[in-house]
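As a plain string of letters, each chain reads:
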Amino acid sequence: MSLLTQSPITKTCSVMLVDDDSRFRQGVRTLLELYPARLEIVAEAESAEQSLKLLVQHSPDLILLDLELKDSNGMSFLLRLRELSFPSRVLVLSAHEEDEWVFRTMQAGAVGYVFKHRLGSQLFDAITTLQQSGVYLPPEVANGFFRSFQTYERSRAQARQRLQLTGREQDILQWLAKGESNDEIAKHLYVTVATVKAHLTSIFEKLQVTSRTQAIVAIFKLGLVQT
């Protein structure tokens, strides 16, 4: 379908481009200028560190994000955005088409995913969908995405049942996955540090790990927390 026959976006949308390839950013900028929509590119960044600074300054409605940056991977950056509670919605532009990449990206906080080699046919639909508070996935990956989701949910349920985690241990897992210290976890849960340490000892035994880093890897591998 021709881009010019799409329903126009009536609300101005501020956009930040995040990609370490300046030529690609220019290509996206040129493409956006062709749309019958009020899109204002307020900032461009080539790294995660630069992006975070510009987010505070410009508060864009939409972030167009590449998954592979020089100083960070896209998953880590998405999780950081969620941790900082930025209201910007993230549309990922990626060369990766594997179901697993799409699922993990959406799980980390993106609300849309577009293949780089199909920007011309997908980008405007994606932006329109996001502005209407929807979620966008390329039609060709939708089935794979829901299969991954079903597999993920089954794995989480099986892991919880097998490990027999208590409610308090599950609470601690959530904060541990965010990188919080024992002191910080204790404050969040209104318990003593000694209590947190006792629960972590139990968690480590159940996960069969010996360090916080190993525990965090296991937590995400088993899908024990909501990212």
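Structure: above.
Residues numbered from 1 in each chain as written. Predicted model: local features only at pLDDT ≥ 70, side-chain atom pairs only at ≥ 80, totals over all residues. Heavy atoms only, no water.

Novice: Can you help me understand the overall build of the chain in this one?
Specialist: Looking only at helices and strands, the chain features 10 helices and 7 strands. Out of the 227 residues belonging to the chain, those deemed buried represent 45%. (Helix = DSSP H or I, 4+ residues; strand = E, 2+ residues; numbered from the N terminus. Buried < 20%, exposed > 50% of the residue type's maximum accessible area, 1.4 Å probe, protein only.)

Novice: Honestly, the sheet that holds strand 1 (residues 13-18) in this entry has me stumped. Any pointers?
Specialist: By way of backbone hydrogen bonds, the strands of a sheet pair with one another, either parallel or antiparallel. Reading across from one edge, 2-1-3-6-7 is the order of the 5 strands in this open sheet, with parallel pairing throughout. Because the sheet does not close on itself, it has two edges, and the strands there are strand 2 (39-45) and strand 7 (112-115). Sheet twist, expressed as the average angle between the axes of neighbouring strands with direction ignored, equals 25 degrees. Sheet topology note: the strand 6 (residues 89-94)/strand 7 ladder contains 4 bridges and is parallel. Within the sheet, the bridge partner assigned to V92 lies in strand 7 and is Y113. Its contacts with the sheet place helix 2 (residues 48-58) against strand 1, strand 2 and strand 3 (62-66), and it is angled at close to 145 degrees to strand 2. (Pairing = 2+ DSSP bridges. Axes fitted to C-alpha atoms, helices over the stretch in contact; angles between N-to-C directions. Contact = heavy atoms within 4.5 Å.)

Novice: Would you mind showing me how to read the packing of helix 2 against helix 3 (residues 74-84) here?
Specialist: In a pair of packed helices, the angle between the axes and the distance between the axes together describe the arrangement. Between helix 2 and helix 3, the least distance of the axes is 11 Å, while the angle of their chain directions is 25 degrees. In terms of orientation, helix 2 and helix 3 fall into the roughly parallel class. The way helix 2 lies across helix 3 gives a crossing that is right-handed. Here A48, S51, L52 and L55 of helix 2 lie close against helix 3, whose contacting residues are F77, R80, L81 and L84. (Parallel < 35°, antiparallel > 145°, perpendicular 65-115°, else oblique. Left-handed = near helix turned anticlockwise from the far one by under 90°.)

Novice: Hey, could you run me through the pairing of strand 6 in this one?
Specialist: Put simply, side chains in a regular strand alternate between the two faces of the sheet. For strand 6, a buried count of 5 out of 6 residues is recorded, marking the element as mostly surrounded by other parts of the structure. Two strands pair when backbone bridges link them, and strand 3 and strand 6 are joined in this way by 5 bridges, in the parallel orientation. Considered in strand 6, the bridge of L64 is made with L91. With respect to chirality, the unit in which strand 6 leads through helix 4 (residues 99-107) into the neighbouring parallel strand 7 is right-handed. (Right-handed = clockwise from strand over helix to strand, strands pointing away.)

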